[in-house]
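Observations on the model geometry
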Amino acid sequence: MKHPLSALTLAAGILAASSGASAAVMTTSLGNTAPGFNDGDTPALVPQILAAQSGQPAPFNAGLGNEVIGPSATGAWTFTYAPIADPIISATLDIGLVDHDSAAAGDQVLLFTVDGIDLTSNLNTLFNASGGSNNEYNVYQLDLLSLAGALADGSASIVLNLQGPGLQECLPFLPGCDPNNPVSATTFNGAHYIFSMLTIETREGMPPNPNDVPEPASLVLLGLGLSALAWRRRRNP
């Protein structure tokens, strides 16, 4: 015997579709989102990193800071897009970096803000959880849904400043270089910022208020669904 609830399911689906609510995704990026190397790779400065950064806007166009003589890497950028009126249901920020050295002791993020809101501890948590070996490329994603109100205005300003210790191949002239260890800690922390991408998902159209009176067209559709249910019951006593 066929299940009679299929007609009710159809009617409910028709009513849900008539509400007009749908999702939309906005993505904007700066830098090179397809640099030619993957998360966890250790790309060479020449030609891979230089090629990936060539022609990109600052701070994604060159190395930042210097691990041997300082200073540590600092960078800032701003996304601009159309203001958002619909409810934001998710927001994420992806950042790809090379040689940020989060595998070194301590925290390598000195300051990280989005629209002036301090998320330094959030990014340090991600840095400390994975990646960050010497010369390693990693991509990190942060959840920004809590910043939905700030993101809705059509711009998002990012500040990312790093700090030591960094990591550097052991060279004889480096202070504290241990010839038995191929990689040594450094006071400063240089890096290459490769890209950043902001993704915002919105809900277009508010869901219907359960206390609202259904529109006539919706009532007609519901009636058709109930009629189909009654017909199927008569066929399957």
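Refer to the structure printed above.
**Let's talk about the overall build of the protein**
Each helix and strand counted, the protein has 5 helices and 11 strands in total. Relative to its full complement of 237 residues, the protein shows a buried share of 36%. Long-range contacts, defined here as pairs at least 24 residues apart, represent 80% of the contacts in the protein between residues at least 6 apart. About 12,400 Å² of surface is accessible on the protein, with carbon and sulfur atoms providing 58% of the total.

**A short note on the environment of Y140**
With respect to the element layout, Y140 can be found in strand β7 (residues 137–143). Between the C-alpha atom of Y140 and that of L126, which follows or precedes it by 14 residues, the distance is 6.9 Å. For Y140, the residues in contact, after removing those within four places along its chain, are L93, D94, I95, L97, H100, S102, L123, L126, F127, S130, G131 and G132. Separated by 3.0 Å, the side chains of Y140 and H100 make a polar contact.

**Looking at the nonpolar core**
In this structure, L93, F112, L144, L151, L160 and Y193 are the most contacted members of the largest nonpolar core, which totals 32 residues. Mapped onto this core, the elements with two or more residues apiece are β3 (74–80), β4 (88–98), β5 (109–114), α3 (120–129), β7, α4 (148–151), β8 (155–162) and β11 (191–204). Per-element accounting of this core gives the leading share, 5 residues, to β4. Core analysis: the next-biggest nonpolar cluster, separate from the first, contains 7 residues, F37, I49, A52 and Y137 among them.

**Here we look at unusual backbone geometry**
Backbone torsion omega between A58 and P59 reads 5 degrees, so that peptide bond is classified as cis. Assignment of secondary structure puts P59 in the loop between α2 (45–53) and β2 (63–64). Backbone geometry places D115, a non-glycine residue, at a positive phi of 50 degrees. By the element assignment, D115 lies in the loop between β5 and β6 (117–118). D115 sits in the partly exposed class, given a relative accessible area of 26%.

**Re the side chain of N32**
For N32, the position within the fold is in the loop between β1 (22–31) and α2. The exposure class of N32 is buried, given its relative accessible area of 16%. Within the structure, N32 has its side chain in polar contact with the backbone oxygen of A52 (distance 3.1 Å). Residues contacting N32, with those up to four places away along its chain left out, are A52, Q56, I194 and F195.

**What to know about the packing of aromatic side chains**
Taken as a whole and assessed by the stated rule, the structure comprises 4 aromatic pairs. On the numbers, 5.0 Å between centres and 65 degrees between planes, the contact of F60 with W77 is edge-to-face. Taken as a pair, F60 in the loop between α2 and β2 and W77 in strand β3 lie far apart in primary sequence, 17 residues in all. Like F60, the residue W77 is buried in the burial classification. With centroids separated by 4.8 Å and ring planes inclined at 40 degrees, the aromatic side chains of F127 and Y140 adopt a geometry described as tilted. One end of the pair, F127, is in helix α3; the other, Y140, is in strand β7, and 13 residues separate them in sequence.

Conventions we followed
Residues numbered from 1 in each chain as written. Predicted model: local features only at pLDDT ≥ 70, side-chain atom pairs only at ≥ 80, totals over all residues. Heavy atoms only, no water. Helix = DSSP H or I, 4+ residues; strand = E, 2+ residues; numbered from the N terminus. Buried < 20%, exposed > 50% of the residue type's maximum accessible area, 1.4 Å probe, protein only. Contact = heavy atoms within 4.5 Å. Areas by Shrake-Rupley, 256 points an atom, 1.4 Å probe, with all protein chains shown as cover. Polar contact = N/O pair within 3.5 Å; in protein donor to acceptor, adjacent residues only side chain to side chain. Core = buried A, V, L, I, M, F, W, Y, C linked by side-chain atoms within 4.5 Å. Phe/Tyr/Trp six-rings, centres within 6.5 Å; stacked < 30°, edge-to-face > 60°.

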